[in-house]
Amino acid sequence: MNNVKGFPHNQGVHVFPIIEKNDLAAKVYRYIIKAPNIVKKAKAGQFVILRLYEDGERIPITLADWDEARGTITLYVQAVGKTTIMMSMMKAGDSLMDVVGPFGVPSHVEKGKTFVALGGGFGIAAIHPIVRAHRVIGNRTISIIGARSKELLIMENEMRAVSDDVRIATDDGSYGTKGFVTTILKSMLEKNEPIDVVLAIGPVVMMKAVSDLTKPYGVQTLVSLNPIMMDGTGMCGACRVVVGNKMQFACVDGPEFNGHDVDFELLTARQKMYSPQEKISLEIFEKICQTQEQRETAAW
Amino acid sequence: MTDKIDTQRKLTNKERMKISRHAMPEQDPLERAKNFFEVPLGYTPELAIEEAERCIQCKNPKCIEGCPVNVKIPQFIFHVAMGNFELAAQTLKETNALPAVCGRVCPQEEQCEIVCNISAKVEPVAIGRLERFVADWERASRKISIPSLAPPTGRKIAVIGAGPAGLTCAGDLAKLGHTVTIFEALHKPGGVLVYGIPEFRLPKQIVEAEVHYLEKMGVQIQCDFVVGMTRTIDELMNEDGFDAVFIGTGAGLPYFMGIPGENLNGVYSANEFLTRMNLMKGFEFPNHADTPVPMAKHFAVIGGGNTAMDAARTARRLPWAEKVYIVYRRSHIEMPARKEEIHHGEEEGIEFLLLTNPTRFLGDNGWLVAMECQKMELGEPDASGRRKPIPIAGSEFVLSVEAAIVATGNGSNPLINKTTPGLAANKYGNIIADETGKTSREGVWAGGDIVIGAATVIKAMGAGKKAAAAMHEYVMAKK
Ligand SMILES: Cc1cc2nc3c(=O)[nH]c(=O)nc-3n(C[C@H](O)[C@H](O)[C@H](O)COP(=O)(O)OP(=O)(O)OC[C@H]3O[C@@H](n4cnc5c(N)ncnc54)[C@H](O)[C@@H]3O)c2cc1C
Ligand SMILES: Cc1cc2nc3c(=O)[nH]c(=O)nc-3n(C[C@H](O)[C@H](O)[C@H](O)COP(=O)(O)OP(=O)(O)OC[C@H]3O[C@@H](n4cnc5c(N)ncnc54)[C@H](O)[C@@H]3O)c2cc1C
Ligand code: SF4
Ligand code: SF4
Ligand code: FES
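Residues numbered from 1 in each chain as written. Chains lettered and ligands numbered in written order. Predicted model: local features only at pLDDT ≥ 70, side-chain atom pairs only at ≥ 80, totals over all residues. Heavy atoms only, no water.

1. Some thoughts on the overall build of chain A
- For chain A, the count of helices and strands is 10 helices and 17 strands.
- The C-alpha atoms of chain A give 19 Å as radius of gyration, which agrees with the globular expectation for 300 residues (19 Å, within 12%).
- By its C-alpha atoms, chain A is 60 × 40 × 40 Å across when sized along the principal axes.
- Counting only residues that meet the buried cut, chain A has 59% of its 300 residues in that class.
- Counting contacts in chain A only where the partners sit at least 6 residues apart, residues at least 24 apart contribute 66% of the total.
- Of the roughly 12200 Å² that chain A leaves accessible, carbon and sulfur atoms contribute 52%. (Helix = DSSP H or I, 4+ residues; strand = E, 2+ residues; numbered from the N terminus. Rg over C-alpha atoms; globule rule 2.2 N^0.38 Å. Buried < 20%, exposed > 50% of the residue type's maximum accessible area, 1.4 Å probe, protein only. Contact = heavy atoms within 4.5 Å. Areas by Shrake-Rupley, 256 points an atom, 1.4 Å probe, with all protein chains shown as cover.)

This is the structure we're talking about:
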C-alpha cells in the first residue's frame with residue numbers, strides 16, 4: 001500500500017487532532033481541529049494551510065470559525081481530489097500533520113454599510129465569519145447562499161445566526177428562488193435595494209458572474225481568490241494572480257481583491273496547472289483503496 | 001600553529017607539494033542524471049589522510065582568513081593527517097556548527113582555498129572535501145559529542161527562521177545557557193538547505209542530523225509558525241516573554257522578469273519548482289509523494305547562479321525530461337554559479353544557451369509552448385563590474401519548451417517588515433543591521449540573506465554567530 005505509507009507518521013510534535021467531524025451534504029465535511037496558535041490571531045477572511053501526513057500536499061482552507069476558549073478552528077472542506085478525499089476519510093481522534101497560519105489579509109470591515117455576501121459550495125463557509133464580523137459592528141448583513149438542490153444546501157442555520165436576512169437559491173427550484181445566487185443579486189440590483197459592498201466567494205465562474213453583474217451599477221465588489229498555493233508566505237509565486245494589470249500573490253496580497261479588476265480568465269487557466277497530475281494521483285489512490293472497508297484500514 | 005610538522009609520515013614541504021590534489025570519487029554522470037543520490041561520494045580515510053598531508057601547516061595560514069567563520073583549518077587538517085578524525089571533528093565544530101553542510105556547499109574556491117598558500121605553486125589543499133570527510137565520518141561513527149552547555153541563564157531568546165543563520169545563532173545561544181526557541185514558517189527546519197538545495201547536492205538526512213544535534217542541545221524548534229502572522233515580534237517580546245529576537249528569514253521573495261506571458265501555465269519561479277521537488281519530495285510523485293511537479297519534456301531554466309544550476313540539474317533528473325536548457329544572458333565566465341556545479345551540469349547533459357535572453361513566453365490555450373529569445377553581446381562593465389549584456393538587433397529565435405523556470409534572483413520577503421513597526425530596512429527590503437546584526441529595534445538582531453541579500457550558507461552562519469555573541473551580552477546586561 002505504497003501510497004498511504006506515510007500515514008501513521010502523525011506522531012511528531014506538531015500534531016493537530018480532529019476533535020469533531022461531520023458529514024454535510026455535497027461532499028462537504030466539517031472539521032473542528034485543535035490549533036491553539038492559530039486561534040489567537042484568526043480574523044475573518046483568513047485561511048490556513050494544512051498537510052495530512054508526511055508525504056502529503058500542502059492545501060489552503062479558509063477559516064470558517066474558531067473558538068478561543070477551546071483553542072479550536074472550524075474548517076469546511078469539499079472532497080474534490082486526492083488530498084481532500086483522503087481528509088474526508090479521517091475521523092474524530094485522527095490528527096493532521098500540519099496546520100499553519102493564519103494567512104492572508106483579513107477582510108476589511110467598516111461601520112455603516114449594507115453588506116451583501118454570496119456563497120456557493122465551501123464559499124458559504126468562507127463568507128460566514130466575514131458576515132458575522134459585519135453584523136457584530138452593526139452593519140446590515142444579507143447573505144445569499146445557494147446549491148443545486150435543497151438537500152445539498154449547507155450551513156443554512158449558521159448563516160441565519162449571523163445575518164439580518166438570508167436568501168436562498170437552488171438550481172432546480174426545490175428551495176428558495178429557482179436559479180443561481182446571481183439571480184437573486186440581479187433582482188436586488190434591478191430593484192435598487194440599497195447595497196454598499198458585495199462579497200462573493202465560490203467557484204471562479206460564480207465570482208466572475210457576480211463581478212460582471214455589479215460593475216454597471218458601480219457597487220464595490222470583493223472576491224476571494226483561490227489559486228493553487230504552496231507556502232502561503234509569498235515565497236513561491238505559485239498563487240500569482242493579475243488584478244488591475246498588476247501581478248499579485250493571493251496568499252499575502254489577498255485572498256480578497258476588487259472583483260472588477262481581477263483577470264478571471266487567467267485564474268481559471270492557472271487553477272488547471274496540475275490537472276493531469278491531479279488526475280493521475282487520484283486514480284492511483286482510488287486503485288489502492290477500492291472498497292470503503294479497505295479505505296478505512298488503509299488510511300488508519 | 002606548529003612550525004614543526006609531526007604527521008605519521010615524516011614528509012618535507014617539497015614532498016608534500018608533490019602529492020597531487022585528490023579528486024573525490026563521483027557517481028557516473030549518465031547514471032546520476034537518472035537518480036537523486038548524491039553526486040560526489042566523498043573521500044575514503046586513506047584519500048583523506050593523503051590529501052591532508054598536502055597541507056604544509058603554514059606559520060601564517062591565510063586559509064583561516066579566507067573562511068567567513070575562521071575555521072581552524074591547519075589544526076583540523078593536522079588531526080586528519082594523523083588519522084585522528086574525532087579530534088578533527090571537535091576542532092571543526094569549535095567554529096562551524098554545520099561542517100557536513102559547508103564541506104559540500106561552500107564556494108571554497110573563492111573562500112578558504114583560493115588563499116591557501118600552496119596555491120601559488122600547486123593546486124590548493126582540498127579543505128572543503130576534508131571538512132566534509134570529517135563531518136561524515138563523525139556522523140557515521142555516531143561519536144557526535146554534545147558540547148558542554150553553560151548553566152541556565154534564565155533568559156529566553158526567539159530565533160525566526162530555521163535556515164543556516166538561525167540554526168547557527170540558536171546553537172551558540174544554547175551553548176551559552178539560554179532558552180532558545182526557533183520559529184519556522186515551513187513544516188521542516190533547514191531553510192534553503194531543505195527547500196532549495198537538492199538532495200543530490202546535499203542529502204536531507206545530513207540537515208536532519210544537524211537539526212537533531214541542536215535539539216539535543218535543548219533548542220526548541222516550532223515549525224508551522226509564521227512570525228508576522230501566527231505571532232508578531234512585538235507579541236513575542238511583550239507578551240510571550242522573549243528577551244531578544246534574531247531574524248534569519250532569508251531571501252524568500254521570487255523575482256519575475258516582467259516580460260509577456262509570465263503567468264502562463266508552465267512558467268515557474270525557481271522557488272516553486274525547487275520547493276515542490278525538494279521540500280515536498282515531488283520527485284517521488286505520484287507514488288510516494290502527493291505534490292505534483294511539471295511533466296514537461298523540454299525545460300528552460302533562466303539564470304546563471306547556483307539556483308539556476310540546481311533547478312536545471314533537478315529537472316534533468318525527471319525521467320520524462322528530454323532536454324534541459326540553461327538560458328543565460330552573459331557568457332560562461334560571468335556565471336555566478338560555482339564552477340563545480342556548472343561542470344557537473346555540463347557532464348549531465350544540460351545545454352547551455354549563453355548570451356541569450358528571453359523576451360517573451362509564448363502560449364497556446366494558457367499553456368507555455370515556447371520562449372522567444374534574443375542573442376546578446378557583451379559591452380562595457382556595468383555597476384556590478386561584469387560586462388553588460390546588450391541585445392543584438394534581429395537575433396530573435398524561438399525555443400520550444402513546455403516548462404520554464406525563472407531563476408533570476410530573490411528579494412527579501414516583506415512579511416516581517418510589514419508587521420514590525422520601527423524596524424528599519426533599505427529600499428530593497430533588506431533589514432538594516434550593524435556588523436553584529438543589531439537592528440534599529442531594541443533587542444532585535446538580524447542576519448543572513450535578509451540583511452545582505454542572497455549570499456552563501458557560510459556567510460549566513462557567520463552572521464548568526466556574530467549576532468549570538470552580541471545578543472548574549474545584551475540579555476546578560478538586562479535585568
Ligand atoms: C485561499 C483559499 C481558500 C480555500 N478554502 C477552501 C475551503 O474552505 N474549503 C475547501 O473545500 N476548499 C478550499 N480551497 C480549495 C482547496 O484548497 C482545494 O480544493 C484543494 O487544495 C484541493 O486539493 P485536492 O488534492 O483534494 O484536489 P486536487 O486533486 O489537487 O484538485 C482537484 C481540483 O481542485 C482544484 N485545486 C487544486 N488545488 C487547489 C488549490 N490549492 N486551490 C484551489 N483549487 C485547487 C484543481 O484545479 C482541481 O480542479 C481554498 C483554496 C484557497 C486558495
Ligand atoms: C537553490 C539555491 C542554491 C544555493 N546554493 C548555495 C551553495 O551551493 N552554496 C552556498 O553557500 N549558498 C548557496 N545558496 C545560498 C544559501 O542557501 C543562502 O545564502 C542561505 O541559505 C541563507 O541562509 P539564511 O539562514 O539567511 O536564510 P534561509 O536559508 O533562506 O532560511 C530562512 C528560513 O526562514 C524561514 N522564514 C521566513 N520567513 C519567516 C517568518 N516570517 N516566520 C518564520 N520563519 C520564516 C524560511 O521558511 C526559511 O526556512 C543557494 C541558494 C539557493 C536558493
Ligand atoms: S566553512 Fe567553508 S569557507 Fe570555511 S573552511 Fe569550511 S569550506 Fe572553507
Ligand atoms: S594555507 Fe593551505 S597549506 Fe597553509 S595551512 Fe592553510 S590549508 Fe594548509
Ligand atoms: S503560495 Fe507561495 S507565494 Fe503564495
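2. Details of the sheet that holds strand β13 (residues 197-201) of chain A
All names here are of chain A.
- Spatial ordering of the open sheet is given by β12-β11-β10-β9-β13-β14-β17, a layout of seven strands whose pairing is mixed. Single-partner strands in this sheet number two, and they are β12 (177-178) and β17 (256-258).
- Two strands pair when backbone bridges link them, and strand β11 (residues 165-170) and β12 are joined in this way by two bridges, in the parallel orientation. Paired with A169 across the strands is T177, a residue of β12.
- Where helix α3 (residues 123-136) meets the sheet, its contacts fall on β9 (114-120), β10 (140-147), β13 and β17, and the angle it forms with β9 comes to roughly 165°.
- Where helix α5 (residues 181-190) meets the sheet, it contacts β9, β10, β11, β12 and β13, and its direction lies at approximately 145° from that of β10. (Pairing = 2+ DSSP bridges. Axes fitted to C-alpha atoms, helices over the stretch in contact; angles between N-to-C directions.)

3. Points about the environment of T153(B)
Residues and elements named next belong to chain B.
- One can find T153 in the loop between α8 (127-141) and β1 (156-160).
- You can call T153 buried: its relative accessible area is 17%.
- Along the primary structure T153 and H178 are separated by 25 residues, whereas in three dimensions their C-alpha atoms are 5.5 Å apart.
- Apart from residues no more than four positions distant in its own chain, T153 is found in contact with L176, G177, H178 and M476.
- There is a polar contact of 3.1 Å between the side chain of T153 and the backbone nitrogen of R155.
- In terms of polar contacts, T153 uses its side chain to reach the side chain of H178, at 2.7 Å. (Polar contact = N/O pair within 3.5 Å; in protein donor to acceptor, adjacent residues only side chain to side chain.)

4. Here we look at the site of ligand 4
- With respect to spatial proximity, the complete set of residues near ligand 4 consists of C55(B), I56(B), C58(B), P61(B), C63(B), P74(B), C116(B), N117(B), I118(B) and I127(B).
- Looking at the shell around ligand 4 residue by residue, the class counts come to nine nonpolar, one polar and no charged. (Near = heavy atom within 4 Å. Nonpolar A, V, L, I, M, F, W, Y, C, P; charged D, E, K, R; others polar.)

5. Thoughts on the side chain of K82(A)
- Among the secondary structure elements, K82(A) is positioned in helix α2 (residues 82-88).
- Engagement of the side chain of K82(A) in a polar contact is seen with the side chain of D290(B), the distance being 2.7 Å.

6. Some thoughts on the interface of chain B and chain A
- Counting residues at the interface gives 47 residues for chain B, matched by 50 residues for chain A.
- Here chain B and chain A share an interface that buries about 4100 Å² over both sides, 54% of which is from carbon and sulfur atoms.
- Counting the surface chain B buries against chain A, the share from its top three residues, M229(B), N263(B) and D290(B), is 18%.
- Our count for the chain B to chain A interface comes out at five salt bridges.
- The shortest N-O distance in the salt bridge between E54(A) and K188(B) comes to 3.2 Å.
- In this structure, the connection of chain B to chain A is made through 20 residue pairs in polar contact (both at pLDDT 80 or more).
- Put simply, the parts of the chain that give the side of chain B that touches chain A at least two residues each are β5 (253-254), β6 (267-269) and α13 (270-277) of chain B.
- Top contributing element to the side of chain B that touches chain A by residue count: α13(B), with four residues. (Buried area = accessible area lost by both parts, 1.4 Å probe. Salt bridge = Lys/Arg side-chain N within 4 Å of Asp/Glu carboxyl O.)

7. Considering unusual backbone geometry
- With an omega dihedral of -5°, the bond running from G101(A) to P102(A) counts as a cis peptide bond.
- As for its position among the elements, P102(A) is in strand β8 (residues 98-103).
- Omega for the bond connecting G254(A) with P255(A) falls within 30 degrees of zero, at 10°, which places this linkage in the cis form.
- Its place among the elements puts P255(A) in the loop between α7 (250-253) and β17.
- The phi dihedral of L355(B) is positive, around 50°, even though this residue is not glycine.

8. A few points about the confidence of the model for chain A
- For chain A, the mean per-residue pLDDT works out to 88, and 91% of the residues sit at or above 70.
- Segment residues 1-13 of chain A: pLDDT under 50, and 34 contacts once partners within four positions in sequence are set aside and those in other chains are kept. (pLDDT = per-residue confidence, 0-100.)

9. Some points on the pairing of strand β4 (residues 244-247) of chain B
Residue and element names in this part refer to chain B.
- Residues of β4 alternate between two faces, with A244 and F246 on one and V245 and I247 on the opposite face, all of them buried.
- As defined by bridge partners, β1 adjoins β4 across four bridges and the pair is classed as parallel. By the bridge assignment for β4, V159 is matched with F246.

10. Details of the side chain of T170(A)
Residues and elements named next belong to chain A.
- Checked against the element boundaries, T170 lands in strand β11.
- By relative accessible area, which is 0% here, T170 ends up buried.
- There is a polar contact of 2.6 Å between the side chain of T170 and the backbone oxygen of Y175.
- Those residues within four positions of T170 in sequence are excluded, and the remaining contacts are A147, R148, S149, K150, Y175, T177, K178 and G179.

11. What to know about the nonpolar core
- Among the nonpolar cores identified, the biggest contains 83 residues, and I73(B), F76(B), I77(B), V80(B), L130(B), I182(B) and M471(B) are the most heavily contacted of them.
- Looking at which element gives the most residues to this core, the answer is helix α18 (residues 457-477) of chain B, with 10 residues.
- Contacts of I182(B), omitting those with residues within four sequence positions, involve V159(B), G161(B), A162(B), G166(B), L167(B), A170(B), L214(B), V219(B), Q220(B), I221(B) and Q222(B).
- Of all hydrophobic cores here, the second largest spans 41 residues; its members include M188(A), M207(A), L213(A) and V252(A). (Core = buried A, V, L, I, M, F, W, Y, C linked by side-chain atoms within 4.5 Å.)

12. Topic: the domain arrangement of chain A
All names here are of chain A.
- Along its sequence, chain A is organised into domain 1 (16-104) and domain 2 (114-224).
- Just the C-alpha atoms count here: the centres of domain 1 and domain 2 sit 24 Å apart.
- With 13 residues of domain 1 at the contact, the number on the domain 2 side is 13 residues.
- Of the roughly 1000 Å² buried between domain 1 and domain 2, counting both surfaces, carbon and sulfur atoms make up 67%.
- Connecting domain 1 to domain 2 are one salt bridge.
- Two residues, R132 and D65, come together in a salt bridge whose shortest N-O distance is 3.0 Å.
- Its residues assigned to classes, the side of domain 1 that touches domain 2 shows nine nonpolar, three polar and one charged. (Domains from an automatic or database assignment.)

13. Topic: α13(B)
- Buried residues dominate α13(B), accounting for eight of its eight residues.
- Within α13(B), burial applies to A270(B), N271(B), E272(B), F273(B), L274(B), T275(B), R276(B) and M277(B).

14. Quick word on the packing of aromatic side chains
- Summed over all chains, the structure comprises 11 aromatic pairs over all chains.
- Taking the centre distance of 4.3 Å and the plane angle of 20° together, the rings of F36(B) and F283(B) count as stacked. Note that F36(B) is positioned in the loop between α2 (29-32) and α3 (45-52) and F283(B) in the loop between α13 and β7 (298-302), a separation of 247 residues in sequence.
- Summarising the aromatic geometry, the rings of F85(B) and F133(B) are spaced 4.9 Å apart at their centres and angled 85° between planes, so their arrangement reads as edge-to-face. Here F85(B) is found in helix α6 (residues 85-95), whereas its partner F133(B) is found in helix α8, with 48 residues between them in sequence. Like F85(B), the residue F133(B) is buried in the burial classification.
- In this structure, K150(A) packs its charged tip against the face of Y175(A), placed 5.0 Å from the ring centre.
- Positioned above the aromatic ring of Y213(B) is the side chain of K93(B), whose terminal nitrogen or guanidinium carbon lies 4.1 Å from the ring centre. (Phe/Tyr/Trp six-rings, centres within 6.5 Å; stacked < 30°, edge-to-face > 60°. Lys NZ or Arg CZ within 6 Å of the ring centre and 35° of its normal.)

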